Each structure stands twice: as structure tokens, then as C-alpha cells.
Amino acid sequence: MSGQTDWCAALLDPARTVPAGLVTWNGSDPVQRFAVYRNNVTVSLMGAIADTFPVCQALLGAARFRALARAFVRDQPPRSPVLARYGAGFADFVAASHLADDWPCLPDLARLELACLDALHAGDAEPMDPATLAAVMAGPERLPALRLRLHPSLAALDSRYAVVSIWAAHQGDETPANIDPDVPESAWVLRHDRSVRVLPMAVGDVRFIAALRHGLTLGEAAALAADGADFDLTRCLTVLLREQVLTGIHDPDLRIHP
Amino acid sequence: MTTTANQTVTAAALALALGTALTIAAVPAGAAENGAKEKCYGVALKGKNDCAAGPGTSCAGTSTKDYQGSAWKLVPKDSCVTTASPTSPTGHGQLAAFKDKS
Amino acid sequence: MISVPSFISSPADAPRSGRHAGLPPRAGVGLKPQHIPDILDERPDLGFFEVHAENYLVAGGPLHADLTCIAERYPLSIHGVGLSIGGEDPLDRDHLHALRDLLDRYRPAMFSEHLAWSSHGGVFWNDLLPVPYDLCTLNRVCAHIDQAQEALGRRILLENPATYIEFAGSTLSETDFIGELVARTGCGLLLDVNNAYVSCTNHGRDVHAYLAALPLGQVGEIHLAGFHRETDSVGDPLLIDDHGSAVDAAVWSLYAWTLERIGPQPTLIEWDNAVPDFARLFAEAARAQTCLTRADAGREVAA
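This write-up is about the structure you can find in this document. All values derive from a computational prediction rather than experimental measurement.

Turning our eyes to something else, we now look at the overall build of chain A. When you go through chain A residue by residue, the secondary structure sums to 12 helices and 7 strands. Here chain A, with 258 residues, has 59% of them falling under the buried criterion. Within the structure as shown, chain A displays about 9,600 Å² of accessible surface, and the carbon and sulfur contribution to it stands at 52%.

What follows is the structure in C-alpha cells.
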């Protein structure tokens, strides 16, 4: 076994003996010195998780969240030196834990918080030129076959729980209203003008985005979204335009509108 | 018409929706249709046009000590109130005190 | 909003050193997102800003928008914290490519990394972990530096570490190890004076002798930061390099001692935990600038 393999085994497990061959100048306990590294690793990664999931933390309370974060860090230390997406497995980890029995909304809340972080760091894209849209409206018969290009930050989620309301209740300083956690909710998450926004939407609206992301045409996506679900096409298109997350339209029979 | 029944929405319906959306979106956003629930993420709420940076990498060590707790144990499920609670913003009541075995 | 004093010299008439055409030999600070509105409002007179490379390896969004604004107004230093140059594993080629893209995008005046490891077996530990100072490690670190300088297309600076423990298997001193790898690879030294003080205290060494034994002629940048004081199991001080407070008086004194020997160098104030408001951070940089200005005047008198 190499030295660094020994270090790795001991870093996340305080019950393990420290690697062999460590010395101190004054004969002080090497275990205490090695603990500085254990502490740096664990606390910094727990901090990264706490930064990404502040509402989960508020929900659970600091002590319970810390224990959860510490368990996650030990189970799934980061695989990349870029920590921007560290915690991608957190929601599933929570779902598999006993916490999900008592806090069933927690995994979806974690997914919503990760979606916010992803939206913050997603790629940049210019919104579509309104003049191009006007040109599209001049040939309405082509509308069903168009494909919409969406901003990289736009994501859509739904949950069996009121995670959007719970999340929103932890953002402002207004007194939180009484929230029934067992009401299903859906949301779009997007970045507009530097800010990430979480917009309460309907189940069909979420399905609409998923269909467009899969490359379906506007007509197909709208039909799929409306099939047995609450869906408002006008609202969806209005939000896409107002939030500037419609970045292009592809007309297969004519040309690509930038 | 290029539509097929049940598989796509008609051109007329799309044109109406898009036309309406263009009109609504052109109006300056005031009381938007999303109403009071629409929230911005991070420090933008604190009135700063700034980003909330994600988890950062740092070359600094930490003096906060929290690495020893190993097992994590939760109180039994039946001690948790899972109905809506007027005192909790989450709707879920609080679990009893958590024990961190360290 | 905030009141920031002006430095005596502006970037335009700052003294230039031919050896370090990149960063001006002036004081800079680490860029924190929460300070950016103040910085863009006040345009503080600073020599440069430094960022951690890995925080900017994301696709887009406000972090890049802000850094672009700053890079248009100030020299930029990019400081890597995740390349794991001291690692036993090969360097992560994808990470090297991502760093190269970042350097191509921002064209910083300086890129630096650490004499440490942070990745092993596919796991990133988010800490700068120490290496033993032996010939095997020296060869490996030199190969990694060569590879990084080749992949990044530039000379890099390597930072002396803050360490808390030593290896029984070390056969070289830290200063000899650093001197050798600087000589073999042609990389420069990022002299972290706080790290030097922390390590020498933690290992019972004479810090002046330590500094004097480093290849000071190859210093391309200096770091200053605060540390946290603890005590080890026999009651001796154990200092933690936590970047969470003002620079210690002992470190200021070592900094002045260093500048007397090597003249003004680009100097960064690192304050990464318990980050103060911008005015407080700027005041710390102003103090470093005063030392730099004095060192420069001392040089002219001597010359």
C-alpha cells in the first residue's frame, strides 16, 4: 500500500489508526497532528454541502443536518476537484436514509436546491431576438413543427410534496405561512439576469419542458403536456419569453433562427 | 394544417397561445402571474445584485472542529409530528433532540 | 458606502520588475463575490486580484460575468487548489485541459499551484495534504510540474506548504526539496510567508533560516494570511493556516525582513474564512502596500 492510500483510508475515518511513519519534532502525539487534516477534509466538505442545501439544513436543524452531511461526506467524497456540483448524490442519499421516513419531502427539496445551484452556474446564452419571433408568427402554419431552444439554466421539477412552498418560505424574511407539506407542487428553475428563480408551475408545464428538452416539436410537446395534466401553454410561453430563457427556434423546413 | 390529431396541438391553438404570450410578455412585469410565491435564490434577496457562489474550494485549513462524530442515529419515527404545524414554516413538526454519537 | 484610502502609487506608475512582467509588485487581495459591488463602485487602488481556479470551472453565470468585469480593470492572478501536483496518481488530464481553457479565457498575469496533494484514487479531498521529502517524491513532483507547465503553456509558481506533521521517511529538508524542484523545472516560488511561519512553528524550526534557505531569487509572488492558534499534546503551539483573521504581527515582521532581501514582490492578502467587509480587507492590503513602498524606497537608497 502506498502512503497516500493509507492517508485516504484514515482521513475520513477517525476510528482508524493514523498512517505509519508520521513524526513530530517535540514528541507530541501524531494522532492530534493528523487530526488537523481529518478535520480540514471533513469540515470543508460538510461546509460545501451546507452551502448547497441551506433549506434542508433549516428544515432539519443544524445538529441533525451536520450529522447527515458528515455521513454523506464519508459515504460519497467528491470525485472532482471542482466542487460546484458536489452533492449531486445528496438527494438520493437522503432518500435512502431513515430521515426520509420522517421528512418525506427532504429528497425533493434537496433536488430543488441542487437545481438552483446548477442554474446559477449553467452556461450563458442570449435570449431570442423578438423580431425573429414576429417573423415566426407570420407563418403560423409552421408552428407545430418548430423546435424551441431553451436556456441552459432552465430545469423543471415536480414533487409529491409542497417543496416549492417550503423552499420559498425559507427565502424571505416574511413570516412563513402554514404549509401543508403533502400537496404536490411543480416548479421551473431558471437564471434570469444573474438571479436564479424558482417559479411555481403546473405538472403539465414541467412535462412540456421535459418534452422540449428531449427534442420534441412544439406541437408534440404541447400535446404531451396537455394529456391529462394541468397545463397552460400560454403561461408557459409567456414565462419563457418574459424570463428570456427562449434562446432560439429551429424550423426544420426553413432555416435555423438564431 | 400540418397537425395530426392527438399527437400535436393545432397551428391555430399554438398561434393563439404564442400571440397572447408575446403580448403579455411585452408588458413590463409588475404583479406577474406567478405572484408572491416567485422567489429569487441566494443573496439577491438581501438586496445585492450579487451571486451566491456555490461551494468554494479554498486553500485554507479550518479551525472549526467537527470530524469525530461517526454513527448517526435518529429518534424513532413515531416521535415525529408529520401534520401541518402553524409554528413550523416547513409544515413538519420538529423531531425530538438528536443524539450525535461521537 | 465604504471609504478606501488611496495608495501612493497608481498601477500606471507602479515600479516594474523585468523578471516578473506579469503581476505588478504591489498589494492585491483575493476576490470574493460579496465584495464585487464595492469593488466596481469604489475602484480601489490595488495591484491585482486573485481567484481560486476551481471555483471558476463552471460553464457560465454571474461568477464569470463578474470575473470578466474585474479582469477588464485589474491584473488577475489565478491560483489552483486542485491539481494535486504532489499526488502519487498521474495528474488529471481533464482538469489540466479545463485549467488551460480558463487561462486562455482570462489570460491572467500569473498562475500558481501548491506543493501538496489533494486527489488520490479518484477522490478529491479538498485539502492540501503534505508529501514526504525524498528523491522518489522529488522526481514525481518535478515530472508533474513539467507536465503542468507544458499543458498550460506557461511557467507556474509553486507555493510552499503549511504542514502539521512530518514524515519519518523524509531525507531532504523542505527548503532543499523546493530549491531542487525550482532548479530542475524552472518553475517559480510563490512564497507564502504565513505558511513558512506556521510550518516552522509547528515543527520547531528557525523561520529566518528556513526563509534564507529557499530559492528567494525565484519568488514571483508572496502570500500573507492569518492563522489560528492551538496547542499540541505537549503544550507547544500548533498553528492552523485558516486564512480566517488579520495577518499576525510576527508574519508582518517576516514579510518586511523578506522584502529587504528580495525587494518588492506582488503580495496577496488571503482571507478566505470569516471574510470581513471589503474596507477591512483593503486596509490589510494597504498595510502590505506600505511595506512594499518602503522596501522600494530602501532599494533606491541602497542603489
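We now examine the interface of chain C and chain B. With 24 residues of chain C at the interface, the matching set in chain B holds 14 residues. The junction of chain C with chain B conceals about 1,500 Å² of combined surface from both sides, 55% of it contributed by carbon and sulfur atoms. Where chain C touches chain B, the interface holds 1 salt bridge. Ionic pairing is found between E230(C) and K65(B), a salt bridge with its closest N-O pair at 3.4 Å. Here chain C and chain B share 4 residue pairs in polar contact (both at pLDDT 80 or more) between them. Only α2 (62-73), β6 (123-129) and β11 (228-231) of chain C provide two or more residues apiece to the side of chain C that touches chain B. Classifying every residue of the side of chain C that touches chain B gives 8 nonpolar, 9 polar and 7 charged.

Scanning all chains against the criterion turns up 16 aromatic pairs over all chains. Ring centres of F208(A) and F231(A) lie 5.3 Å apart, and the angle between their planes is 45°; this geometry places the pair in the tilted category. Note that F208(A) is positioned in helix α10 (residues 203-213) and F231(A) in the loop between α11 (218-226) and α12 (233-242), a separation of 23 residues in sequence. The same class applies to F208(A) as to F231(A), namely buried. Through successive ring pairs, a cluster of aromatic residues spans W7(A), F34(A), Y37(A), W117(C), Y164(C) and F167(C).

Now for the pairing of strand β5 (residues 117-120) of chain C. Residues and elements named next belong to chain C. In this sheet, β6 lies alongside β5 in antiparallel orientation, the contact comprising 3 bridges. Its bridge partner being in β6, H120 is matched across the sheet by V123. Connecting β5 to the antiparallel partner β6 that follows it, the hairpin turn spans 2 residues, and G121 within it adopts a positive phi of roughly 60°.

This brings us to the layout of surface pockets. All names here are of chain A. There is about 250 Å³ of room inside the second largest pocket. Lining the second largest pocket are 13 residues; nearest its centre among them are D124, A125, H151, R191 and D193. In terms of residue class, the lining of the second largest pocket is built from 3 nonpolar, 4 polar and 6 charged.

Another point: the side chain of T52(A). Residue and element names in this part refer to chain A. Here T52 shows up in helix α2 (residues 30-52). By relative accessible area, T52 is classed as buried at 1%. At a separation of 3.1 Å, a polar atom in the side chain of T52 contacts the main-chain carbonyl oxygen of A48.

Residues and elements named next belong to chain C. Close contact between helix α6 (residues 193-202) and helix α8 (residues 249-262) brings their axes to 9 Å; oriented N to C, the two are set at 120°. Judged on the interaxial angle alone, α8 and α6 are oblique. In the crossing of α6 with α8, the sense of the turn from one axis to the other is right-handed. Contacts between α6 and α8 involve V193, N194 and Y197 from the former and A250, V251, L254 and Y255 from the latter. Grouping the constituent residues of the contact of α6 with α8 by class yields 6 nonpolar, 1 polar and no charged.

Here R194(A), not a glycine, exhibits a phi torsion of approximately 80°, which is positive. Position of R194(A) relative to the elements: it lies in the loop between β4 (185-192) and β5 (195-201). A positive phi angle is found at H243(C), which is not glycine, with a value near 50°. A relative accessible area of 1% places H243(C) in the buried class.

This part takes up the pattern of salt bridges. Applying the stated criterion across every chain yields a total of 20 salt bridges over all chains. In this structure, E243(A) and R197(A) form a salt bridge, with 2.9 Å as the shortest nitrogen-oxygen distance. Placement of E243(A) in the loop between α12 and β6 (246-250) and of R197(A) in strand β5 is noted, with a sequence separation of 46 residues between them. The burial state of E243(A) is the same as that of R197(A); both residues are buried. Residue E284(C) is joined to R280(C) by a salt bridge in which the shortest nitrogen-to-oxygen separation is 3.3 Å. One end of the pair, E284(C), and the other, R280(C), are both in helix α9 (residues 278-302), 4 residues apart, so they sit about a helical turn from each other. Under the relative-accessibility criterion, E284(C) is labelled buried at 4%. A single salt-bridge network, built from bridges that share partners, covers R66(A), R70(A) and D66(B).

Quick look at the side chain of T163(C) now. Of note, T163(C) is situated in the loop between β7 (157-159) and β8 (166-167). Filtering out sequence-adjacent residues up to four positions away, T163(C) remains in contact with Y37(A), P130(C), S199(C), N202(C) and H203(C).

Bringing empty space enclosed by the protein into the picture now. Under the criterion given, the structure shown has 4 cavities of 30 Å³ or more. Space inside the largest cavity adds up to approximately 150 Å³. Lining the largest cavity are 20 residues, with C59(B), L128(C), A162(C), N195(C) and D241(C) positioned closest to its centre. Elements supplying a minimum of two residues to the lining of the largest cavity: α2 of chain A together with β6 of chain C. Here the lining of the largest cavity is composed, by residue class, of 9 nonpolar, 6 polar and 5 charged. A volume near 50 Å³ is recorded for the second largest cavity. Only α8 (130-137) and β6 of chain A provide two or more residues apiece to the lining of the second largest cavity. For the lining of the second largest cavity, the class distribution of residues is 10 nonpolar, no polar and no charged.

Conventions adopted
Residues numbered from 1 in each chain as written. Chains lettered and ligands numbered in written order. Predicted model: local features only at pLDDT ≥ 70, side-chain atom pairs only at ≥ 80, totals over all residues. Heavy atoms only, no water. Helix = DSSP H or I, 4+ residues; strand = E, 2+ residues; numbered from the N terminus. Buried < 20%, exposed > 50% of the residue type's maximum accessible area, 1.4 Å probe, protein only. Areas by Shrake-Rupley, 256 points an atom, 1.4 Å probe, with all protein chains shown as cover. Contact = heavy atoms within 4.5 Å. Buried area = accessible area lost by both parts, 1.4 Å probe. Salt bridge = Lys/Arg side-chain N within 4 Å of Asp/Glu carboxyl O. Polar contact = N/O pair within 3.5 Å; in protein donor to acceptor, adjacent residues only side chain to side chain. Nonpolar A, V, L, I, M, F, W, Y, C, P; charged D, E, K, R; others polar. Phe/Tyr/Trp six-rings, centres within 6.5 Å; stacked < 30°, edge-to-face > 60°. Pairing = 2+ DSSP bridges. 1 Å grid on protein atoms, 1.4 Å probe; cavity = no way out; pocket = protein on both sides within 12 Å on 5 of 7 lines; lining within 4 Å. Points joined across faces, edges and corners; volume = space filled by probe spheres on them. Axes fitted to C-alpha atoms, helices over the stretch in contact; angles between N-to-C directions. Parallel < 35°, antiparallel > 145°, perpendicular 65-115°, else oblique. Left-handed = near helix turned anticlockwise from the far one by under 90°.

In short, the description is geometric, and any link to function would need to be established separately.
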